[in-house]
Amino acid sequence: MRTTARVVVIGGGVVGVSTLYHLAKKGWSDVVLVERKELTSGSTWHAAGLLPLFNMSYSVGQLHRYSVSFYGGLEAETGQPVGFKQVSNIRLARTRDRWDEFMYYKGVADTLGVKVNVLTPAEVKAIWPLCETDGLLGAIQHPEDGYIQPADLTQALAKGARAMGAEINRYTTVTSIERTASGEWLVRTDKGDIICEHIVSATGNFARKTGAMLGLDVPVIPVEHQYIVTEPHPSVQARQRDGLPEMGVLREADSSWYLREENGGFILGPYEHGAPACYVEGPDAQSEYELFQEDLDRLAPHIDAAIARVPAFGQVGIKKVYNGAIAYTPDGSPIVGPAWDVPNVWLNEGHSFGVTAAGGAGWQLAEWIVDGEPTVDMMGVDPRRFGPYATRGYLKAKNEEAYANVFTPHYPDEERAAARPLKTAPCYGRMKDLGAVFGSVYGWERPNWFAPKGYGIDVASIDKPDVLTNENHPPADRDGKVKEIWSFRRSNYFEHVGNEIRNVTEGVGLQDMSPFAKAIVDGPGARDWLELIFANKIPKTQGRIALCHLLSKNGGVRAEFTVFEQSPGRFYLVSAGALERHDHDTLRKLLPKDGSVSFRSITQAWGVLVLAGPRSRDVLQKLTDTDLSNAAFPWLSGKKISVGHATAYALRVNFIGELGFELHHPIEMQNAIFDLLMNAGAEFGIRPFGIRAMLSMAVEKSYRLVGRELSIEYSPLESGLHRFVHLNKGEFIGRDALVRWQERGFQNRFVTMEVDGVSDVDARGSEAILKDGKLVGRCTNGAYGWRLGKSLALGMVRPDLGEIGSELDISILGKPYRARVVEESPFDSANARLRA
Ligand SMILES: Cc1cc2nc3c(=O)[nH]c(=O)nc-3n(C[C@H](O)[C@H](O)[C@H](O)COP(=O)(O)OP(=O)(O)OC[C@H]3O[C@@H](n4cnc5c(N)ncnc54)[C@H](O)[C@@H]3O)c2cc1C
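Anyway, here's the lowdown on the structure attached to this text. Residue positions within a chain follow its written sequence, with the count starting from 1. Per-residue local features of the predicted model are confined to residues with pLDDT of at least 70, and side-chain atom pairs are confined, for both listing and counting, to 80 or more; whole-chain, interface and lining totals are unaffected and use all residues. Side-chain numbers come from the whole structure's heavy atoms, not from hydrogens or water.

### Concerning the overall build of the protein chain
- Helix and strand definitions here come from DSSP, where helices need a minimum of 4 consecutive H or I residues and strands a minimum of 2 consecutive E residues; each element is numbered from the N-terminal end. Scanning the protein chain for helices and strands turns up 19 helices and 37 strands.
- With the radius of gyration taken over C-alpha atoms, the globule rule is written as 2.2 Å times the number of residues to the power 0.38. Taken over the C-alpha trace, the protein chain has a radius of gyration of 27 Å; the compact-globule value for 836 residues is 28 Å, and the two agree within 12%.
- Projecting the C-alpha coordinates of the protein chain onto the three principal axes gives extents of approximately 85 × 65 × 55 Å.
- The classification of residues rests on relative accessible area computed with a 1.4 Å probe and restricted to protein chains. Under 20% of the type maximum is buried, over 50% is exposed, and intermediate values are partly exposed. Of all 836 residues assigned to the protein chain, the portion counted as buried reaches 63%.
- Should any heavy atoms of two residues lie within 4.5 Å, those residues are counted as being in contact. Within the protein chain, residue pairs in contact and separated by at least 24 positions form 72% of the contacts whose partners lie at least 6 positions apart.
- Residue-level accessible areas treat just the shown protein chains as cover; the underlying method is Shrake-Rupley with a 1.4 Å probe. Roughly 29600 Å² of accessible area belongs to the protein chain as shown, and the carbon and sulfur atoms make up 50% of that amount.
- Under this rule, positive means Lys or Arg and negative means Asp or Glu; His and the chain ends count for nothing. By convention, the charge on Lys lies at NZ, on Arg at CZ, on Asp at CG and on Glu at CD. In the protein chain, 92 positive and 102 negative side-chain charges are present, and the distance between their average locations comes to 3 Å.

So, in structure tokens, the structure goes:
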């Protein structure tokens, strides 16, 4: 065994071996993998080997797409058969919501370049004659989907990796990890030590144990998952004898199961409610090829539903039930990318579709490690999308919930209930009393919208008793009522959000934005360091506020911060609450080594109340002796002010495009400030507003968001951030790459579009944008703009189609709508209201 290596990959399942393979393929042959037992002896050996391309996440969709195409060529490359059968995958729809989901997904697939066919029930019957089609609305089919033999795939990857110089050590267990004085990693194993530069943790069900060796609380806890293998069925055998093609993987999402042919019989895999978390403390030291006791009772409703759909399944005996551990994270997507707090540690963990994702995850992680940057926007799988709140109790509840929801419709506005409330701002109770319907982000409760007093919808009127995946609303209150129905279309809260917007636009509104990520940067080198990392100039005048972007090494956008110099040399940075760990970890890792700059996260200590609307100045002026007039306190500036007997930094910025003040205050003063504002605002009709109102207004202002139109895949100049990027200010991260990118020419242009003819649905992001039937871009966001009375969409399109007046089509839930490019910030494009 080598005693030094550039990278040590821990874990010889499909994910670890794929990472090793891709590192070697990128030219790093000095790489070593250690596996405590035999390769594939973890979860990989018992996987059903399905390769579902279907995924709502852009990042995961990209990884899956790569895998399927890469696996197709692996046998030819390595000479090792992988048992890849491209039999296609058919997903059945029984409800209108499901159909909406499929049509929404088709947009995601079209923009990713994943082939999807739409089938009628009769076409399903032609492909799957053993499937009953009554009650079906139709289906979607992935013709390139199928399944593979996971163990063979892993062996092929291992063979390929070895051929490129990588070393694999089986029966070698990592026992501890230390950091050397010279900044390398010392990986201790029961067969000797290895000194290395990078560590990749790909340890499946052991993720938390491996994390503990590094001081990391890794947000992965597995859940039990079962599938049933049956005896052969004469009809399937007859088809095989007749040389008919395999029928494909059949998925009835509304009953939460998949079914495919296996050795003349079937495999049925349900995703049921009540599957327990397992290996909470990690598997024990001897664990190898481990399965749990089967529990068919739990699967009974799904088995019944499968028999109703495919009666042949009920006519054969069960040969074997596999009940194994499947790794989960709270949102069901894996964690692929850098660990937080420690340098050169990479996580490729939490894979619940690891056979499918392994190829893509190995590919992107290798790029990240070798080149310092992935090429795909990996925000959807970045390990730092979860924070320190994601500890054991939270993970058990959330991961079981994620498992139970694999097949429920993934409504864009769903707010799952488990492990809530967890993090609440002090004004939570007050907001609740005012009718807040909360959503959750990064563990925080945030008001999404406000329901009128006594408002509720009878659950019995919206439930769909004939399907098993019924979750289109939160759990009912004690009176059997719910406040909202989740949907791909405008839903019950639409008008109420409109009322909130009207109140803000005509008077004044109050919003809780306490989850914002907040940090203080100071020290003698603070200003120079910020200049060196951000594309914008740091304002020379103290109190001026700048929007600053951290670019990736390749010139894309990695993060966005509001920067405000509170006092000379002391900078306050604000960014999206959901990205706290990502943003703060990224900045911390960029700090100069000489200690000249200090970085402190103060998210929990500071709250934020946003007071906005044309009467906001009148309200606040009643409470402060600071002159709030435009001359004394202009837009894009901030001051420390008193608010009654409390204190706050007031920043004249907001995300809705109205006159307003963000009041950043010591968290313990929040309720005092809240009450002062509500009392002072009563005469102006102050009312709270929520995230959904804010997002609609933000679209009217063409405001960009990280993870949508801001991404490492788009240069800031494609995203229209010209006024925030100063290529001639001197060196900053990503500058040179951006200049080269500009010389090569851009592929995309950010546009704002008005959408014609919609009645009950707006673009949301991920829809395909077409010109003369050809794909020319993708939507990144969209909403009904209440102030304009128009349906709007934001998107990235081919640059020549981005001129004002350009006519395009947007496919929303499968139907094309005419869209026209309009000027940026169609509501108050001169920002007169913000500057008022
Ligand atoms: C019943 C079932 C069916 C499934 N079906 C599918 C499917 O159809 N399609 C699909 O895509 N996915 C499926 N999955 C999920 C899939 O099995 C996993 O996502 C995938 O195998 C994960 O691979 P991995 O490499 O991350 O983990 P594992 O295969 O568990 O590999 C991790 C390895 O790390 C090793 N290790 C841990 N700690 C150490 C240490 N300290 N030192 C050295 N080595 C260590 C372990 O021994 C283990 O071999 C299924 C899962 C289950 C349970």
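Moving on from the coordinates now.
### Overview of the side chain of Glu-658
- One can find Glu-658 in the loop between β29 (646-651) and β30 (660-666).
- Given a relative accessible area of 1%, Glu-658 falls into the buried group.
- Whenever two N or O atoms come within 3.5 Å, that pair is a polar contact, provided that in protein one can donate a hydrogen and the other can accept it, and provided that, for residues adjacent in sequence, both atoms are side-chain atoms. There is a polar contact of 2.8 Å between the side chain of Glu-658 and the side chain of Arg-787.
- Within polar-contact distance, the side chain of Glu-658 engages the side chain of Arg-833 at 2.7 Å.

### Topic: the packing of helix α1 (residues 14-25) against helix α9 (residues 354-371)
- α9 packs onto α1 with a crossing angle of 40° between their chain directions and a minimal axis gap of 8 Å. Relative to α9, the element α1 lies oblique. The element α1 and its partner α9 pack so that their crossing is right-handed. Residues Val-14, Val-15, Ser-18, Thr-19, His-22 and Leu-23 of α1 lie in contact with α9, whose contacting residues are Gly-354, Val-355, Ala-358, Gly-359, Gly-362, Trp-363, Leu-365, Ala-366, Ile-369 and Val-370.
- Here the term charged refers only to Asp, Glu, Lys and Arg, the term nonpolar to Ala, Val, Leu, Ile, Met, Phe, Trp, Tyr, Cys and Pro, and the term polar to all other amino acids, Gly among them. For the contact of α1 with α9, the per-class residue count stands at ten nonpolar, six polar and no charged. Fitted lines through C-alpha atoms give the axes, limited to the stretch in contact for helices. The angle between two N-to-C directions lies from 0 to 180 degrees. Angles are sorted into four bins: roughly parallel if under 35 degrees, roughly antiparallel if over 145, roughly perpendicular if 65 to 115, and oblique for all others. Crossing handedness: left-handed means the near helix sits turned counterclockwise from the far one by under a right angle, and right-handed means the same turn made clockwise.

### Brief notes about the packing of helix α2 (residues 58-78) against α9
- Remark: α2 packs on α9, axes separated minimally by 7 Å, with the N-to-C direction vectors making an angle of 100°. Judged by the inter-axis angle, α2 sits roughly perpendicular to α9. For the pair α2 and α9, contact is made by Gln-62, Leu-63, His-64, Tyr-66, Ser-67, Phe-70 and Tyr-71 and by Val-355, Thr-356, Ala-357, Ala-358, Gly-359, Gly-360, Ala-361, Trp-363 and Gln-364, respectively.
- Along the lines of polarity and charge, the residues of the contact of α2 with α9 split into nine nonpolar, seven polar and no charged.

### Some points on the sheet that holds β29
- Here the rule is simple: two strands pair whenever DSSP picks up at least two bridges between them. The six strands lie next to each other as β28-β29-β30-β27-β21-β31, forming an open sheet whose pairing is mixed. The strands lining the two open edges of the sheet, one partner per strand, are β28 (638-643) and β31 (687-688).
- Here strand β21 (residues 509-512) runs beside β31; their pairing, made up of two bridges, is parallel. If you follow Leu-510 over to β31, its bridge partner there is Pro-688.

### Structural notes on the packing of aromatic side chains
- Here the aromatic set is Phe, Tyr and Trp, taking the six-membered ring for Trp, and pairing holds for ring centres within 6.5 Å; pairs whose planes are under 30 degrees apart are stacked, those over 60 apart are edge-to-face, and all others are tilted. Under the definition given, this model contains 33 aromatic pairs.
- Judged by centre distance (5.8 Å) and plane angle (35°), the ring pair of Trp-449 and Tyr-493 falls under tilted. Here Trp-449, found in strand β18 (residues 444-450), pairs with Tyr-493, found in the loop between β20 (481-482) and α12 (494-506); they are 44 residues apart in sequence, far enough to count as distant. Each of the two residues, Trp-449 as well as Tyr-493, counts as buried.
- Plain terms: the ring middles of Phe-494 and Trp-786 are 4.7 Å apart, the flat faces sit at 45° to each other, and that makes the pair tilted. Taken together, the residues span a long stretch of sequence, with Phe-494 in helix α12 and Trp-786 in the loop between β34 (774-785) and β35 (790-797) at a distance of 292 residues.
- An aromatic cluster of at least three residues, connected via ring pairs, comprises Tyr-21, Tyr-66, Phe-70, Tyr-71 and Trp-363.
- Consider the ring centre and the ring normal. A charge sits over the ring if Lys NZ or Arg CZ is within 6 Å of that centre and within 35 degrees of that normal. If you follow Arg-260 out to its NZ or CZ, it ends over the ring of Tyr-147, 3.7 Å from the centre.
- If you follow Lys-639 out to its NZ or CZ, it ends over the ring of Phe-633, 5.2 Å from the centre.

### Here's the deal with the site of the ligand
- By nearness alone, 36 residues border the ligand, and Glu-35, Thr-44, His-351, Gly-354 and Thr-356 come closest of all.
- Between the ligand and Glu-35, the relevant distance is 2.7 Å, taken from an oxygen atom to a side-chain nitrogen or oxygen of the residue.
- In this structure, Arg-36 approaches the ligand through a side-chain N or O atom, which is 2.9 Å from an oxygen atom.
- Starting from 1000 Å² of accessible surface for the ligand in isolation, the protein chains cover 98%.
- For the shell around the ligand, the secondary structure elements donating two or more residues are α1, β10 (223-230), β14 (318-326) and α9. Working definition: residue near molecule or strand if any one of its non-hydrogen atoms lies within 4 Å of it.

### Observations concerning helix α10 (residues 392-404)
- In a helix, the anticipated span is given by 1.5 Å times the number of residues less one. Relative to the 18 Å expected for 13 residues at 1.5 Å per residue, α10 spans 18 Å between its end C-alpha atoms, a close match to the ideal helical length.
- Within α10 the residues assigned to the buried category are Tyr-394, Leu-395, Lys-398, Asn-399, Glu-401, Ala-402, Tyr-403 and Ala-404.
- Tucked inside the fold, the buried residues of α10 contact α6 (207-213), β10, β13 (265-270) and β14.

### Comments concerning the environment of Leu-663
- Summarising the element assignment, Leu-663 is placed in strand β30.
- Separated by eleven residues in sequence, Leu-663 and Arg-652 have C-alpha atoms that sit 9.0 Å apart.
- The contacts of Leu-663, once residues within four sequence positions are left out, are Gly-607, Val-608, Leu-609, Leu-620, Ile-641, Ala-648, Tyr-649, Ala-650 and Leu-677.

### With respect to the side chain of Glu-272
- One can find Glu-272 in the loop between β13 and α8 (296-309).
- A distance of 3.0 Å separates a polar atom in the side chain of Glu-272 from a polar atom in the side chain of Arg-298.
- Looking at Glu-272, its side chain comes within polar contact range of the side chain of Tyr-403, at 2.9 Å.
- Among all residues touching Glu-272, those that are not within four sequence positions of it are Gln-226, Arg-298, Leu-299, His-302, Tyr-403 and Ala-404.

### Some words on the sheet that holds β35
- The strand order around the closed barrel formed by six strands is β32-β35-β34-β33-β36-β37, and the pairing between neighbours is antiparallel. Between one strand axis and the next, the sheet turns through 45° on average, direction left out of account.
- Alignment of strand β36 (residues 807-812) against strand β37 (residues 815-822), held across six bridges, turns out to be antiparallel. Among the inter-strand pairings, Ile-812 is bridged to a residue of β37, identified as Lys-815.

### Here's the deal with the nonpolar core
- What is meant by a nonpolar core is a set of buried Ala, Val, Leu, Ile, Met, Phe, Trp, Tyr and Cys residues, joined one to another through side-chain atoms within 4.5 Å. Counting residues in hydrophobic clusters, the biggest one holds 82 residues, and the most contacted among them are Met-753, Ile-810 and Ile-812.
- Not counting chain neighbours up to four residues away, the residues in contact with Ile-812 comprise Val-755, Val-758, Val-761, Asp-762, Ala-763, Glu-767 and Tyr-817.

### Concerning empty space enclosed by the protein
- Cavities and pockets were defined on a 1 Å grid built from protein atoms only: a cavity is a group of points that admits a 1.4 Å probe but offers it no way out, a pocket is an open group of points flanked by protein on both sides within 12 Å along at least five of seven lines, and a lining residue is one with an atom within 4 Å of any such point. Grid points are joined across faces, edges and corners, and a volume is the space filled by probe spheres set on the points. The tally for this structure, following the rule as stated, stands at four cavities of 30 Å³ or more.
- Of the pockets and cavities examined, the largest cavity occupies roughly 100 Å³.
- Asp-377, Met-378, Met-379, Arg-558 and Ile-712 are, among the 15 residues lining the largest cavity, the residues nearest its centre.
- Grouping the constituent residues of the lining of the largest cavity by class yields nine nonpolar, three polar and three charged.
- Taken as a whole, the second largest cavity holds about 60 Å³ of empty space.
- Along its surface, the second largest cavity is lined by Asn-55, Val-60, His-64, Gly-332, Ser-333, Pro-334, His-351, Ser-352, Phe-353, Gly-354 and Ala-357.
- Those elements giving two or more residues to the lining of the second largest cavity turn out to be α2 and α9.

### A word on unusual backbone geometry
- Residue Pro-421 is reached from Arg-420 by a cis peptide bond, and omega for that bond is -10°.
- Within the secondary structure, Pro-421 sits in the loop between α10 and α11 (428-433).

### Notes on the pairing of strand β25 (residues 570-575)
- A large share of β25 lies buried, amounting to five of its six residues.
- By the bridge criterion, five bridges tie strand β22 (residues 517-522) to β25 in an arrangement that is antiparallel. Bridge pairing links Ala-517 to Ser-575 in β25.
- What sits between strand β24 (residues 557-567) and β25 in their antiparallel hairpin is a turn of two residues, with Gly-569 showing a positive phi close to 80°.

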